[in-house]
Amino acid sequence: MKKVCHITSAHMQRDIRILIKECVSLSKNYDVHLVVLNGNDEVYNKVTIHSTSYPIKRRLDRFTKGVKAVYKKALEVDADVYHLHDPELLQVAKKLKRRNKIVIFDAHEDLPAQIKGKYWINKYLRGIVAWAAYTYENRTVKKIDAVVTATPFIAERFKGIGKVVANINNYPLLNELESATDWSQKAKEACYIGGATEIRGCTELVEAFDDKLDMTVNFAGNYSPDNYRGQLMLLHGWKYVKEHGFVGRKEVAEILGRSKYGLVMFQAFQNHIEAQPNKMFEYMSAGIPVVTSNFPLWKQIVEGNKCGICVEPKDPAAINKALLYLVQHDAIAQQMGDNGRKAVVEKYNWEQEEIKLLALYQQLLQE
């Protein structure tokens, strides 16, 4: 049986895309291993996980010492295919090629666009850093076997550069989040699941909640930077926030099961406009209507499938108005939720993406 090794120096051990979707899917046909920077050795659904348990004290450590640590551990696996999940791992791609390994780079994000929104990079240097990242990515990708992308937009960027480009959308697992809770039994609650940051619109989201709306919003995720939570606590709408912190998949399903509305209010940064946020599709999978940013692609998905409302993400009043409409038109809200679930069943699900992933591996391994 061919051996496959996925490597990450940035993501958590049980990352949804890396472990629960890609690695588990591949384990149907291959001996699959996952190397992570910090975690625990374990076997998860036939996937063998190896951790370096390397202490990271500074962000720079991850890009340097952390990469060396996971690379060393990955070499011990001695796989036929190495699947890299972070841009900093491209620095070991050529080393793996010299060992005659098949190398795949998984572009989760449009890195140059993402860099322009990084608060920890000096704003005057972001353009230069983004250009350098763009150049380095393109130059390295030309020398490896394939690029896997998380959105069609990222795939277009690499076409003509990568030898093989496969778009594997990060859609939800079909039955993971389907709710057994009857609509009439759901609470008058909204939810936001994911990293809580300013550029993801969490300030405007909290500001949208007031006494007139009289609704709780479930917050599940970590705050970044750490002091951002303090900023949100000063807002009037904070008293309607119910914090859950970072939660596992079971808790995500429970929150979605009792909530009636899902929120994704990313701000109009370049990296967001063409993104396909996993949480938006997870809300749809759970059968709840979504209130999202009014980016053209998002409008095409949400309004095209009649499963929610798109609004200006920098306008708390517009977010409030959309939620109030859903509260006052409960039958329409329920129908929107049903429409979203139907769209996931028919087209936005991981089971269809898995077929493309397995086909890529068969192509590269010439099976």
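Our structure is the block above this text.
The rules behind each value
Residues numbered from 1 in each chain as written. Predicted model: local features only at pLDDT ≥ 70, side-chain atom pairs only at ≥ 80, totals over all residues. Heavy atoms only, no water. Helix = DSSP H or I, 4+ residues; strand = E, 2+ residues; numbered from the N terminus. Contact = heavy atoms within 4.5 Å. Polar contact = N/O pair within 3.5 Å; in protein donor to acceptor, adjacent residues only side chain to side chain. Axes fitted to C-alpha atoms, helices over the stretch in contact; angles between N-to-C directions. Parallel < 35°, antiparallel > 145°, perpendicular 65-115°, else oblique. Left-handed = near helix turned anticlockwise from the far one by under 90°. Nonpolar A, V, L, I, M, F, W, Y, C, P; charged D, E, K, R; others polar. Phe/Tyr/Trp six-rings, centres within 6.5 Å; stacked < 30°, edge-to-face > 60°. Buried < 20%, exposed > 50% of the residue type's maximum accessible area, 1.4 Å probe, protein only. Pairing = 2+ DSSP bridges.

Here we take up the environment of Tyr240. Its place among the elements puts Tyr240 in the loop between α8 (228–233) and β11 (241–243). Placed 99 residues apart in sequence, Tyr240 and Val141 show a C-alpha to C-alpha distance of 46 Å. Ignoring anything within four residues of it in the chain, the contact list for Tyr240 reads Phe209, Asp210, Asp211, Asp214, Met215, Thr216 and Val217. Engagement of the side chain of Tyr240 in a polar contact is seen with the backbone oxygen of Asp210, the distance being 3.4 Å.

This paragraph deals with the packing of helix α9 (residues 249–258) against helix α11 (residues 278–285). The angle between the axes and the distance between the axes are what describe a pair of packed helices. It is the contact of α9 with α11, at a shortest axis distance of 10 Å, that shows an interaxial angle of 60°. By the angle between their directions, the pair α9 and α11 is classed as oblique. Handedness of the crossing formed by α9 with α11: right-handed. The segment α9 lies against α11, with Arg249, Val252 and Leu256 engaging Lys279, Glu282 and Tyr283. Class assignment for the residues of the contact of α9 with α11 results in 3 nonpolar, no polar and 3 charged.

All right, on to the packing of aromatic side chains then. Summed over all chains, the structure comprises 7 aromatic pairs. Their ring planes at 45° and their centres at 5.1 Å tell us that Phe281 and Tyr348 sit as a pair that is tilted. One end of the pair, Phe281, is in helix α11; the other, Tyr348, is in the loop between α14 (330–346) and α15 (350–364), and 67 residues separate them in sequence. Between Phe295 and Trp298, the ring centres sit 4.8 Å apart and the planes meet at 65°, which makes this aromatic pair edge-to-face. Taking relative accessible area as the criterion, Phe295 reaches 4% and is therefore assigned buried. Overall, the relative accessible area of 0% leaves Trp298 in the buried class. These aromatic residues form a ring-pair network of at least three members: Tyr171, Phe281 and Tyr348.

Let's shift gears to the sheet that holds strand β10 (residues 216–220). The strand order across the open sheet built from 6 strands is β11-β10-β9-β12-β13-β14, with neighbouring strands paired in parallel fashion. Lying at the two open borders of the sheet, with one neighbouring strand each, are β11 and β14 (308–311). The sheet shows a mean angle of 25° between the axes of neighbouring strands, direction not considered. Direction of pairing for strand β9 (residues 189–193) relative to strand β12 (residues 261–264): parallel, over a ladder of 2 bridges. Within the sheet, the bridge partner assigned to Ala190 lies in β12 and is Tyr261. Contacts between helix α13 (residues 316–328) and the sheet are confined to β12, β13 (290–293) and β14, with β14 contributing the most and set at about 165° to the helix.

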